[in-house]
Amino acid sequence: MTKRILSAALTLAVSLSLAVPALAGESRFGDVPPDHWAAEAIGRANRDGAMVGTGSFLETGLARFEPDTSLTAAQFATIIAGAFYRDIPEVEGGPWYAPFQKVLEDAGLTEGADIRDWEVPMTRYQLAAVLYRFASDRELPLPDEGARAEAQGKIGDWAQVPDWYGEAVAACYAMGLLSGTDEAGSFGGEQTLTRAQTAVIYGKLADAVGIPMERVLEEQERVLKESGMPYEFRTYPGPKGTIYVAVQSGLPHGNKTSMVCVYKDGSQLDIGALLPAGYRLGGYLDPTEIELNEAGDRLSFVTPIEEGIPNEPGPGNPNMWAGYRDWGPTRCTVDLTSGTMVSMEPLTPQA
């Protein structure tokens, strides 16, 4: 008796050095009390998987966020690329942040930002330039000249804003992406960006762009509802996206079940289509024991699987498969980063 196990090489996930995920749900950061000015934004950024902790407190075991620590351009690139851009390229050599830097550069987000050293704290001037290009890249409504002029009048230190940053600063003010740093509305462009401020900015960008994933999920359930047939729609959210299982019953041929990963940028991965050639879902997809790991990049579930038995080649055998061997309930594991089936392991001994 042996178990048939299909395995593939794992994809190396890029992560921030020493970063550990905080607990999902309510914020559990030991250095972010409930009355912290950015507590809600930090909690949201963490739940969405956009920002994680920097370690933990030995005394309490609570995660550490370091809200007042300055953020480098490299770290900001990691957050923006990871949250709003699905395709992170592979980059040979270079620093750990090279793939995320490339995403921003390829999208034109660094144009005019004058980022010369990605490992030093990012200034608010550089931030404004990147946000302005981001808004253009994502086709957000940009303020006209009148709106920018009105915003200039609200910036207490507008006279000190360099000309090459002026349009970006005024536009970000007018769009509500940035605001003043004091009662006079001063921009403080040379000030560095903190982790707490970044969490707030992430929330504003997510609200402005709208998470594509949420729109896809809403559309999928709307189609099921409008069909008029009984249906079930279950979701399993994670840091990188949401798994949904849609079951539509009452059809002439029985139930129709689909299982799909919807990434945060709205792209989709059909889990059932990941089976190797010759394998099929036994009868129909019936996933149970659905689990996502803490990082959200590994999916595990149990479903019936059948293995194709090859037919003898020849003109008398037009079909590729002579039949199928039933594996029974099988635990499947999917790497959601590479979009591949990592393993399929029958839960009962196979002959």
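Residues numbered from 1 in each chain as written. Predicted model: local features only at pLDDT ≥ 70, side-chain atom pairs only at ≥ 80, totals over all residues. Heavy atoms only, no water.

**Structural notes on the pairing of strand S10 (residues 321–335)**
With 13 bridges joining them, strand S9 (residues 298–310) and S10 adopt antiparallel strand pairing. Paired with leucine 299 across the strands is valine 334, a residue of S10. Relative to strand S11 (residues 340–346), S10 runs antiparallel, the two sharing six bridges. Residue pairing in the sheet places threonine 330 in a bridge with proline 346 of S11. Where S10 folds back onto S11 in an antiparallel hairpin, the turn is made up of four residues, including glycine 339, whose phi is positive at roughly 70°. (Pairing = 2+ DSSP bridges. Helix = DSSP H or I, 4+ residues; strand = E, 2+ residues; numbered from the N terminus.)

**Points about the packing of helix H4 (residues 124–137) against helix H6 (residues 163–175)**
Running from amino to carboxyl end, H4 crosses H6 at an angle of 70°, the nearest separation of the two axes being 8 Å. Between H4 and H6, the angle falls in the class roughly perpendicular. Every pair of crossing elements has a handedness; the one defined by H4 and H6 is left-handed. Within the contact between the two elements, H4 uses Tyr125, Gln126, Ala128, Ala129, Leu131, Tyr132 and Ala135 and H6 uses Tyr165, Glu167, Ala168, Val169, Ala171, Cys172 and Met175. (Axes fitted to C-alpha atoms, helices over the stretch in contact; angles between N-to-C directions. Parallel < 35°, antiparallel > 145°, perpendicular 65-115°, else oblique. Left-handed = near helix turned anticlockwise from the far one by under 90°. Contact = heavy atoms within 4.5 Å.)

**Re the confidence of the model for the protein**
Residues at a pLDDT of 70 or more form 88% of the protein, whose mean pLDDT is 84. Low pLDDT, under 50, characterises residues 1–26; the predicted model gives this stretch 53 contacts beyond four residues in sequence or across chains. (pLDDT = per-residue confidence, 0-100.)

**A few points about the pattern of salt bridges**
Side chains that carry opposite charge are capable of pairing whenever their charged atoms lie near each other. Evaluation of the coordinates by the stated rule reveals ten salt bridges. Across the pair lysine 102 and aspartate 106 runs a salt bridge, and its minimum N-O distance is 3.1 Å. In this pair, lysine 102 and aspartate 106 both sit in helix H3 (residues 98–106), four residues apart, roughly one turn of the helix. Looking at lysine 102, the relative accessible area reads 33%, which means it is partly exposed. Taking the relative accessible area as the measure of exposure, aspartate 106 reaches 56% and is therefore exposed. Across the pair glutamate 226 and arginine 222 runs a salt bridge, and its minimum N-O distance is 2.6 Å. Of the two residues, glutamate 226 and arginine 222 are both situated in helix H8 (residues 212–226); the distance of four residues between them amounts to about one turn of the helix. We classify glutamate 226 as exposed; its relative accessible area is 57%. (Salt bridge = Lys/Arg side-chain N within 4 Å of Asp/Glu carboxyl O. Buried < 20%, exposed > 50% of the residue type's maximum accessible area, 1.4 Å probe, protein only.)

**Some details on the packing of aromatic side chains**
Taken as a whole and judged by the stated rule, the model has eleven aromatic pairs. Seen from their ring centres, tryptophan 96 and tyrosine 97 are 5.4 Å apart, and the 90° between their planes marks the pair as edge-to-face. Take tryptophan 96: its relative accessible area is 37%, and that puts it in the partly exposed class. The exposure class assigned to tyrosine 97 is buried, which follows from its relative accessible area of 7%. Arranged with centres 6.3 Å apart and planes meeting at 50°, the rings of tryptophan 164 and tyrosine 165 form a pair that is tilted. In this structure tyrosine 165 comes out as buried when scored by relative accessible area, which is 7%. Members of the aromatic cluster, connected to one another through ring pairs, are Tyr125, Trp164, Tyr165, Tyr173 and Phe187. Positioned above the aromatic ring of phenylalanine 187, the side-chain terminus of arginine 124 is 4.6 Å from the ring centre. (Phe/Tyr/Trp six-rings, centres within 6.5 Å; stacked < 30°, edge-to-face > 60°. Lys NZ or Arg CZ within 6 Å of the ring centre and 35° of its normal.)

**Looking at the nonpolar core**
In terms of nonpolar packing, the biggest core is built from 61 residues, with Phe76, Ile80, Phe84, Leu104, Leu131 and Val169 touching the most fellow members. Contributions of two or more residues to this core are made by helix H1 (39–47), helix H2 (73–84), H3, H4, H6 and helix H7 (195–209). With sequence-adjacent residues up to four places away left out, isoleucine 80 is seen in contact with Tyr85, Leu104, Leu109, Phe134 and Leu205. Leu274, Tyr279, Ile290 and Val334 belong to the second-largest nonpolar core, a separate cluster that totals 21 residues. (Core = buried A, V, L, I, M, F, W, Y, C linked by side-chain atoms within 4.5 Å.)

**Digging into the environment of lysine 102**
Distance in space between the C-alpha atoms of lysine 102 and alanine 81 is 9.3 Å, their sequence separation being 21 residues. When neighbours within four sequence positions are excluded, lysine 102 is seen to be in contact with Pro89 and Val91.

**Some points on H2**
Compared with an ideal rise of 1.5 Å per residue, which puts twelve residues at 16 Å, H2 spans 16 Å between its outermost C-alpha atoms and is within 8% of the ideal. Summarising burial for H2: ten of the twelve residues are buried, a large majority. Listed as buried for H2 are Ala73, Ala74, Phe76, Ala77, Thr78, Ile79, Ile80, Ala81, Ala83 and Phe84. Those residues of H2 that are buried are in contact with H3, H4 and H7. (Expected span 1.5 Å × (residues − 1).)

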